[in-house]
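# Descriptive analysis of the structure
What follows is the residue order along each chain.
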Amino acid sequence: MTKTRKTSLPPVGTILAVPLLDGSAALGQLAGAIELDRSGSIAQIAVAFFACRLEPGAVLSLAVDLITDPTSPMMVVSPTDDMIRYGAWHAVGHRPFRSYDNFDVARHLTPFGLNGASSTGFMTQGELECYWGIFPWDHYGDPKHIDKRLLPGHTVPPYPRHARWRKDFSEAELVDLEDRSRVRTREVLAKWPRKRSRKQVHIQYSIAGAELPTSGELRARHALEDKIGASGLGEIISAGAGEGRVDVHVATTDPEKLRRLVEGLLAAAGVRDAVIVDE
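As the structure is a prediction and not an experimental result, all values here were calculated from the model.

This part covers the state of the cysteines. The tally for this structure, following the rule as stated, stands at zero disulfides. Not part of a disulfide, Cys52 finds its nearest cysteine sulfur in Cys130, a span of 18 Å. Look at Cys52 and you get buried, because its relative accessible area is 15%.

Okay, the side chain of Glu127 next. Note that Glu127 resides in helix H4 (residues 121–131). Leave out the neighbours within four places in its chain, and Glu127 touches Val77, Tyr140, His145, Ile146 and Arg149.

What follows deals with the pattern of salt bridges. Counting across every chain of the model gives 19 salt bridges. Between Glu225 and Arg186 there is a salt bridge; the shortest N-O distance is 3.8 Å. Taken together, the residues Glu225 in helix H7 (residues 215–231) and Arg186 in helix H6 (residues 171–190) connect sequence positions 39 residues apart. Arg186 matches Glu225 in its accessibility class, with the two residues each being buried. By sharing partners, the salt bridges in this structure join Asp179, Arg182, Arg186, Arg221, Glu225 and Asp226 into a single network.

A few words now on helix H8 (residues 255–268). Between its first and last C-alpha, H8 extends 20 Å over 14 residues, near the 20 Å set by a 1.5 Å rise per residue. Along H8, the residues classified as buried are Pro255, Leu258, Val262 and Leu266. When H8 is viewed along its axis, its buried side chains cluster within an angular range of 60° and face the same direction. Each element contacted by the buried residues of H8 is listed here: strand S8 (199–206), H7, strand S10 (245–252) and strand S11 (275–278). Directly after H8, the chain includes Gly270, whose backbone phi takes a positive value near 85°.

Most of strand S1 (residues 14–19) sits out of view: five of its six residues are buried. Two strands pair when backbone bridges link them, and S1 and strand S2 (residues 25–35) are joined in this way by five bridges, in the antiparallel orientation. By the bridge assignment for S2, Ala17 is matched with Leu27.

Parameters and conventions
- Residues numbered from 1 in each chain as written.
- Predicted model: local features only at pLDDT ≥ 70, side-chain atom pairs only at ≥ 80, totals over all residues.
- Heavy atoms only, no water.
- Disulfide = S-S within 2.5 Å.
- Buried < 20%, exposed > 50% of the residue type's maximum accessible area, 1.4 Å probe, protein only.
- Helix = DSSP H or I, 4+ residues; strand = E, 2+ residues; numbered from the N terminus.
- Contact = heavy atoms within 4.5 Å.
- Salt bridge = Lys/Arg side-chain N within 4 Å of Asp/Glu carboxyl O.
- Expected span 1.5 Å × (residues − 1).
- Arc of directions from axis to C-beta.
- Pairing = 2+ DSSP bridges.

Shown next, in the form of structure tokens:
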């Protein structure tokens with residue numbers, strides 16, 4: 001399989017289309033970058049997102065014209081730059097950038113992120129999907145998580161008409177969305193070059209049902225995947241459940257630390273029969 005090659009970061013001002021699970025695309029702009037050293041390596045970036053998006057099936061080249069209020073983004077975040085460098089987020093145009101009326105990027109962007117905080121590009125995608133009603137607005141543990149992201153001119157209440165809440169989704173719909181999100185993540189990561197030093201670890205444990213897992217068992221697996229990702233110790237390669245067991249494959253540079261983390265997480269969840277092996 002041909003791997004995606006890492007490219008240089010596009011210039012500040014580049015307009016980005018971020019694919020969302022419903023086939024639409026959120027629209028953003030690369031608003032800042034801090035170099036780690038004179039080699040040109042990037043320590044942190046800032047990306048502004050606007051209260052507009054491309055509808056499913058729309059032509060990417062139309063994106064720039066849809067941003068009718070380019071000086072007032074609805075949120076500015078500091079994601080990892082890999083989504084842009086590897087083409088998961090599409091560069092679709094350019095608009096000169098100096099400043100925004102509602103956020104001073106130069107003042108807030110540091111080598112550690114915006115006001116010292118950063119996140120993965122996948123997390124940013126998830127937040128955008130909450131904003132646009134694809135996931136519940138209150139999907140994250142803090143029901144005000146998205147509220148706190150919004151900048152002056154876009155604060156809530158009132159909430160935008162497209163906002164949806166957990167009460168608007170069935171349990172099956174939420175599980176399906178979470179599964180689709182994880183499949184997308186694995187498909188994106190599969191195209192990126194892998195570090196040769198990484199090893200693969202296989203985690204397997206039993207579930208109550210003889211066939212397909214319940215929604216609760218799927219949520220438990222999802223929680224395990226999320227905690228592994230948040231730890232920085234591993235990258236989920238594949239995961240599945242059926243025939244009375246759960247299987248999770250993780251790429252890691254430190255199998256022993258990953259093993260200790262997973263053993264602790266599964267023990268806390270009441271799982272006693274887990275098998276964790278290097279492959």
